Amino acid sequence: MKKVALMTWFQHDNFGTALQAVATTRVVKDMGYMIHGIDYFSKGYDRLTKLDKIMNPMLVKEKIKLVADNRKYKHITDDTERKKAFERFRNSYLKMTRKLKTSSELNLINREYDAFICGSDQIWSPREFNPKYYLDFVAVREKKIAYSPSFGRGVIDNDFTKKRVSECVSDFKHLSIREKQGSNLIKKISGIESEVFVDPTLLLTRDQWNDYKEDFSTPKSYILCYFLGDNPKHWGHIENMSQKIGLKVMVIPINPKDYERGYSAPRGIGPGEFLTLVNNATLICTDSFHGTIFSIIYEKPFITYKRFIDNNAESQNSRIYNLLELLKLEDRLFKYSEFEIARILNCNIGNAQKIIANEKKRAIEYITNSLEDAFSHEYNKYKYDITPTCSGCSVCLNVCPVDAIEVKINNNGFYEAKIDYDKCINCGLCREVCAFNGDNGTSFSKDESELFMLHSKSPETLSKSTSGGAAHEISKLMNNTGYDVVGCVYDKKTNSAKHKVVYAGETESLNQFQGSKYIQSNTIDAFKEVLQLEKAVIIGTPCQVAGINNLLTLKKNRNKFLLIDLICHGVPTIHLWNKYLDEGRKKFGFGNHPEVHFRYKSKGWKKKYISIYGNKKHYVRKNTSDLFYRFFELQSCYMTSCYECNFRISSKADIRIGDYWGNKYDKYKDSGASMIIAQTKTGKNTLDLLVKDNRIELVKEDLEDYWNVQCPENPIKPLCYEDFIYDLKNSDESLEHLMNKYFLTADLNKKLANQYRKIKIFFKIK
């Protein structure tokens, strides 16, 4: 049986969201195919900064009202019961894939499914632009089908969003959209024609929807109100109408305030109960798109109210206008003149049903033909890159039997592996050892992981280490007992970072590994040499260590190595570093090959400074005023794999180390404190040896501290990413100019956030 994967919103407890997913699933199943929802959750993709929102009067007004209502009605909650109802519905009617978070995890399901559909709902919302909802992870273009996704609006204001959307829609062979406004928008920004199809909920009949109803007791007749907004004028009209018609009002509660309007507002309403309430209603009043749709499906008299002011930039009214215009039901849109009672209750849906039948026929034909075409194209895993999120660890070089792989710096300024397919024999070993092609290691948990604070007792170690000296103390201990050590150094001759090997007994040479290097390391030579080592400590970023773990496991000598990975926020492009040094030479005169300390500890551990010394010139700047740091902390130009990291809260190392941020260890604000997570028995035994030798102070702490002070979630790739990196490499514009060109609001937002954080600490605001 052919298998289809559906990419849409599944996790939101929203009636329309859940019901449209079920509708698409039902249609494809009825065609004789297996269909699974892709269990992916788009988290953190709101593209507006807090400063953007503050500068938008409409959003400020809405936020003030929301805060006021939350305070006034905070004693009312239906979250638990409502959530359970939605979970029951989804578990009953939606079959899902395993949970997938990143591009590499999504890429793997190319091997499992024969076609991919994205849609419906507002999954293409410009404000929450996420290329995964455009199926950017699907390898074969012909297998991508867009069925009726929505932008939610008819304009896209941001030029970078326009460019990204244009790139994404251009990669579809089977492209459709839900509203004609969306089709016009696609044509305007990309020149591509797209078909318009109705929301998938309209593809099921009333009788089919009755299969999903949940038993629920209701009065014999009532006005059903389902509002996502809160317009007092709308509620005033409903109260007046209720008295004239003589019908009681039932409310499907969305906001806590709905429970105190004086109407019946049942708790624990899920999609099944929603259908029952619609089916049994005498009249429906709503400002919801899907509220309107189900009123039509169940042939109920209804009034649709405007949720947004038309000139509101966030307005989603266009989708309702489009629906009512298509079905010749524009008269059901409420205007601020009193409706005649007879006309309110006399709503002829018959003609609309004929239009829906024609639209359904068109839609089914489109889906059928698109799926048949998708099934006719095969996916060959050997035809594509090893992974879409290569971290340049170079491990694949060491297993290729025909030297078909080259690792070099790509156009974006990162090491990346590329296959020469003329040489490739399709053995698959490169994919087997790739950090992004298998499991993600052991997830941090209280059952498997132990978290510690580590502080070296050696003043010399502390003075040169970034934080508490964990990596250096472990390296010295193991090096003295016969272990080689593989770590990262900054090579001022090439102004770059690279991994190298310090052999057993060469303890004095370990000093070169101390200190952070905030740029990507070249691991090619060092990792090639690893296979010649009998036993070693290997230190690197989580993706580098995951790759080397896979290599050692394949070679069946993993147990002879101690692997240490670093808490990593991401690495910026080498184009940023090169431009930064070039400007610094001209402005500060520190020469071509200066000494660099990315974390200059003489100013203290908690205060982040960069130090560059050369040509008798010493440049020292705090992170908030240094341009390299500012771009780095804005997460503006990381490697793609950094935005799609699989190892934020999991690891294939024995030990993970980093800074122990937070106020807990302020007593070490000058010397530094390390956070340690021991993932394996080998890792814990190593720490025990350090304690036994009286080298360190070690304090067991709660694993929750990791989530509180580190970065457990991936950052979101900026919309301007490609444009910015291109300018870093090719433009003569200064870094300050590029900051203002691309990240003016984001940079100011971060500065204001830092100031607010200081105020909170000073006044002890929670």
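Everything quoted here is computed from the prediction, not taken from an experiment.

Peer 1: I tried to follow the packing of aromatic side chains on my own but got confused; where do I start?
Peer 2: According to the stated counting rule, one finds 53 aromatic pairs in the structure shown. The interplanar angle of 15 degrees and the centroid separation of 4.8 Å between the aromatic rings of F15 and F274 together place this pair among those described as stacked. With a gap of 259 residues between them, F15 in helix α1 (residues 15–30) and F274 in helix α10 (residues 271–280) connect regions that are remote in the sequence. Comparing F15 with F274, the two get one shared label, buried. An angle of 75 degrees between the planes, with centres 4.8 Å apart, marks the rings of Y93 and Y212 as edge-to-face. Pair noted here: Y93 is in helix α4 (residues 79–93) and Y212 is in the loop between α8 (206–210) and β8 (223–226), with a separation of 119 residues, a long-range link. Judged by its relative accessible area of 7%, Y212 falls in the buried class.

Peer 1: Just checking my understanding: could you explain unusual backbone geometry for this structure?
Peer 2: Residues other than glycine predominantly adopt negative phi, and peptide bonds predominantly adopt the trans conformation. Cis geometry is found at the peptide bond from G119 to S120, where omega equals 5 degrees. The phi torsion at N495 lies on the positive side, around 55 degrees, for a residue other than glycine. When you line up the elements, N495 lands in the loop between β16 (484–491) and β17 (496–502). Looking at N495, the relative accessible area reads 7%, which means it is buried. If you check the backbone angles, K616 has positive phi at about 65 degrees while not being a glycine. Structurally, the position occupied by K616 is in the loop between β22 (609–614) and β23 (617–622).

Peer 1: Would you mind showing me how to read the state of the cysteines here?
Peer 2: Note on terminology: a disulfide is the covalent bond linking the sulfur atoms of two cysteines. Going through the model one piece at a time under the given rule, you end up with 0 disulfides. Looking at the unpaired C488, the closest cysteine sulfur is the one in C568, lying at 11 Å. Looking at C645, it has no disulfide partner, and the nearest cysteine sulfur is the one in C543, 6.4 Å off. A residue is classified by how much of its surface remains accessible, and C645, at 15% relative accessible area, is buried.

Peer 1: I'm lost on the side chain of S176 in this one. Help?
Peer 2: Checked against the element boundaries, S176 lands in strand β6 (residues 176–177). Residue class for S176 comes out buried when judged on its relative accessible area of 0%. Here A146 takes part through its backbone oxygen, which lies 2.6 Å from a polar atom of the side chain of S176. Beyond its immediate chain neighbours, meaning those up to four positions away, S176 contacts W124, A146, Y147, S148, P149, E195, F197 and Y366.

Peer 1: Explain the sheet that holds strand β15 (residues 450–456) to me, please; I cannot follow it from the model alone.
Peer 2: Each strand in a sheet pairs with another by means of backbone hydrogen bonds, the pair being arranged parallel or else antiparallel. Strands sit in the order β18-β17-β16-β19-β20-β25-β26-β15-β27 across an open sheet of 9 strands; the sheet is mixed. With partners counted over all chains shown, the strands left at the sheet margins are β18 (521–522) and β27 (696–701), one partner each.

Quick notes on the rules
Residues numbered from 1 in each chain as written. Predicted model: local features only at pLDDT ≥ 70, side-chain atom pairs only at ≥ 80, totals over all residues. Heavy atoms only, no water. Phe/Tyr/Trp six-rings, centres within 6.5 Å; stacked < 30°, edge-to-face > 60°. Helix = DSSP H or I, 4+ residues; strand = E, 2+ residues; numbered from the N terminus. Buried < 20%, exposed > 50% of the residue type's maximum accessible area, 1.4 Å probe, protein only. Disulfide = S-S within 2.5 Å. Polar contact = N/O pair within 3.5 Å; in protein donor to acceptor, adjacent residues only side chain to side chain. Contact = heavy atoms within 4.5 Å. Pairing = 2+ DSSP bridges.

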